[in-house]
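So you can see what is in the structure, the chains are spelled out below.
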Amino acid sequence: MVNVGVIAEFNPFHNGHKYILDKAREVTHADNVVVVMSGNYVQRGIPAIFDKSYRAGAALLNGADAVFELPSYFSLTSAETYARANIKYLDSFGCIDYVCFGCETDNIKILPMLANILYDEPTEYKCNLKKKLHDGLSFPKARSLALQEYCEDNNLLSKYEVKVTLASPNNILAIEYLKAIKYFNSSMKPLAIKRVDSNHSQEIHINIASASSLRKEILNNYSIDKYIPYNVSHTYRTAKPITINDYELLIGSALTNKSKFSDIYGINKDMSNRIYKLKHDYNDQKDFYEKMQSKNYTYATISRNILNILLDYKKEDVKSIINDGYIKYARLLGVKPASSILTEISNNSSIPIVDKLSKYYVNCPADQKKMLAKTIKADHLYRLVYMTKYKEFRLNEFERQIIKV
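Residues numbered from 1 in each chain as written. Predicted model: local features only at pLDDT ≥ 70, side-chain atom pairs only at ≥ 80, totals over all residues. Heavy atoms only, no water.

Trainee: Hey, could you run me through the overall build of the protein in this one?
Mentor: A count of helices and strands for the protein gives 19 helices and 10 strands. Its C-alpha radius of gyration of 21 Å places the protein within 12% of the 22 Å reference for a compact globule of 405 residues. Viewed in the frame of its principal axes, the protein has a C-alpha envelope of about 55 × 55 × 50 Å. For the protein, the proportion of its 405 residues judged to be buried stands at 54%. Summed over its atoms, the accessible surface of the protein is roughly 18,100 Å², and 51% of this surface lies on carbon and sulfur atoms. If the 55 positive side-chain charges of the protein are averaged to one point and the 44 negative ones to another, these points end up 3 Å apart. (Helix = DSSP H or I, 4+ residues; strand = E, 2+ residues; numbered from the N terminus. Rg over C-alpha atoms; globule rule 2.2 N^0.38 Å. Buried < 20%, exposed > 50% of the residue type's maximum accessible area, 1.4 Å probe, protein only. Areas by Shrake-Rupley, 256 points an atom, 1.4 Å probe, with all protein chains shown as cover. Lys, Arg positive; Asp, Glu negative; His and termini not counted. Charge placed at Lys NZ, Arg CZ, Asp CG, Glu CD.)

What follows is the structure, given as structure tokens:
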């Protein structure tokens, strides 16, 4: 039996995502497609526009056989850590043959080439990177320039090819997935599929659109039916969106009630000082994020770290989980009852499969319970924001049902 793993966020699920799932199955001749999906918080540093159950259900209706949740403390990390957590997750199942991810390049050689350089860090590249960082460039800019120069000097790629490749967030993630496969010495074979969306632009083309453009349409109360599979149209009409703006008071309260921020995962001393100086003037989430921006901190980095403050994800806790192997359990969000994939995973997995959260929470080891409690708190905040905004009851995490379609 052949199984392919797909790393995704589906924020929201759309026709481009269905294309990826279908293509992954087609290219690998897979019997099963297993998805690891970010839950109610995503890597951009924002809450997911729709609850994770809606998004998992949409995936199951359109090609996935099982959907598992990536813990939110890994959803809110750098590309490298995010990629390692996802790769380790799928590798832990012990029966995934391929790992699939979307990218924006047709060049099947360029991503592995760049991944190998960044993983091996040749002395020439490393020294150049260090010099550019010393000159005051941000890490992404310094890395891009150092990589461009290394590839051109060694007749590997032109500066333009490297620059264009690294300009895409999905290409950067694809490179990190390839690095993570090497890091864990995984036997899973990588499969990069060129995306057919509009490269994260705000424009919509034909029946394929980027998730960011669809979020904009949803918030403007425009129909997105043309850009999503027909079988999820009704589901998404009943779903109600949540945005970072809905967290404005919660964020302000978290900033006000904390005297230091350097203990929070992802925040260094400089950023901690900047947050402390600016927090006393906080009155608007967007304005605060913009004031925080500098050549050293991208908007996404700031967004992730502010949510880490709100959710109380501390350095020592996340690093402890990383040092202990990244992934210690797999929380099932949904499955196709007709599929045999759960049986196969259960027979081969090195980590427990959690289908009843309350049972696992009572019996799991203390260190896992500590981090699980934080993810439960994060989801309870999402639920609280939803119920406060819409005056509508939602089941809590212990009551959440496995989606079966």
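Trainee: Whenever I open this one, the side chain of serine 339 confuses me. Can you help?
Mentor: Relative to the assigned elements, serine 339 resides in the loop between strand S8 (330–335) and helix H17 (341–348). When near neighbours in sequence (up to four residues on either side) are disregarded, serine 339 contacts Asn32 and Asp65. (Contact = heavy atoms within 4.5 Å.)

Trainee: How do you make sense of the pattern of salt bridges when you look at a structure like this?
Mentor: When their charged atoms lie close together, side chains carrying opposite charge are able to pair. Applying the stated criterion across every chain, the model contains 30 salt bridges. Each of Asp51, Lys52, Glu69, Arg331, Asp379, Glu397 and Arg400 takes part in one network of salt bridges that share partners. (Salt bridge = Lys/Arg side-chain N within 4 Å of Asp/Glu carboxyl O.)

Trainee: Help me out: how do you make sense of the packing of aromatic side chains in this one?
Mentor: In this description, an aromatic ring pair is defined by two values, namely the gap between the centres and the angle between the planes. Counted under the stated rule, the structure contains 18 aromatic pairs. When the ring of phenylalanine 68 is compared with that of tyrosine 89, the centres are 6.5 Å apart and the planes differ by 55°; the resulting orientation is tilted. Here phenylalanine 68, found in strand S5 (residues 66–70), pairs with tyrosine 89, found in helix H4 (residues 79–92); they are 21 residues apart in sequence, far enough to count as distant. For tyrosine 89, a relative accessible area of 0% puts it in the buried group. Seen from their ring centres, tyrosine 329 and tyrosine 360 are 5.5 Å apart, and the 45° between their planes marks the pair as tilted. Of this pair, tyrosine 329 sits in the loop between helix H16 (315–323) and S8 while tyrosine 360 sits in helix H18 (residues 357–363), placing them 31 residues apart in sequence. Tyrosine 360 shares its class with tyrosine 329; the two are buried. Ring-pair connections join several aromatic residues into one group, and the members of that group are Tyr73, Phe74, Tyr183, Phe184, Tyr313 and Tyr326. One Lys or Arg, lysine 189, reaches over the ring of tyrosine 98 and ends 5.5 Å from the middle of that ring. Over the ring of tyrosine 361 we find lysine 369, and its NZ or CZ is 5.4 Å from the ring centre. (Phe/Tyr/Trp six-rings, centres within 6.5 Å; stacked < 30°, edge-to-face > 60°. Lys NZ or Arg CZ within 6 Å of the ring centre and 35° of its normal.)

Trainee: Quick question: what am I supposed to make of the nonpolar core here?
Mentor: Within soluble globular proteins, side chains that are nonpolar tend to cluster in buried spots. If you look at the biggest cluster of nonpolar residues, it comprises 99 residues, and the most contacted ones within it are Phe93 and Ile275. Tallying contributions element by element places helix H19 (residues 366–390) first for this core, with 8 residues. Among residues more than four places away in sequence, those in contact with phenylalanine 93 are Val34, Phe68, Ala330, Ile345, Asn348, Ser349 and Ile353. One finds Ala24, Tyr54, Ala56 and Cys100 within the second-largest nonpolar core, a separate group that totals 34 residues. (Core = buried A, V, L, I, M, F, W, Y, C linked by side-chain atoms within 4.5 Å.)

Trainee: Before we go on, may I ask you to explain empty space enclosed by the protein in this structure?
Mentor: Over the atoms, a rolling probe the size of a water molecule traces out where space has been left empty. The final tally for this structure, using the stated rule, is 3 cavities of 30 Å³ or more. Considered as a void within the structure, the largest cavity measures approximately 90 Å³ in volume. What lines the largest cavity is a set of 13 residues, and nearest its centre among them are Glu69, Pro71, Tyr329, Arg331 and Thr375. Listing elements by their share of the lining of the largest cavity, those giving two or more residues are S5 and H19. Broken down by element, the lining of the largest cavity gets its largest block of residues, 4 residues, from H19. Across the lining of the largest cavity, the residue classes tally to 6 nonpolar, 2 polar and 5 charged. Estimated volume of the second largest cavity: approximately 60 Å³. Mapped by element, the contributors of at least two residues to the lining of the second largest cavity are helix H3 (72–75) and H19. In terms of residue class, the lining of the second largest cavity is made up of 8 nonpolar, 1 polar and 1 charged. (1 Å grid on protein atoms, 1.4 Å probe; cavity = no way out; pocket = protein on both sides within 12 Å on 5 of 7 lines; lining within 4 Å. Points joined across faces, edges and corners; volume = space filled by probe spheres on them. Nonpolar A, V, L, I, M, F, W, Y, C, P; charged D, E, K, R; others polar.)

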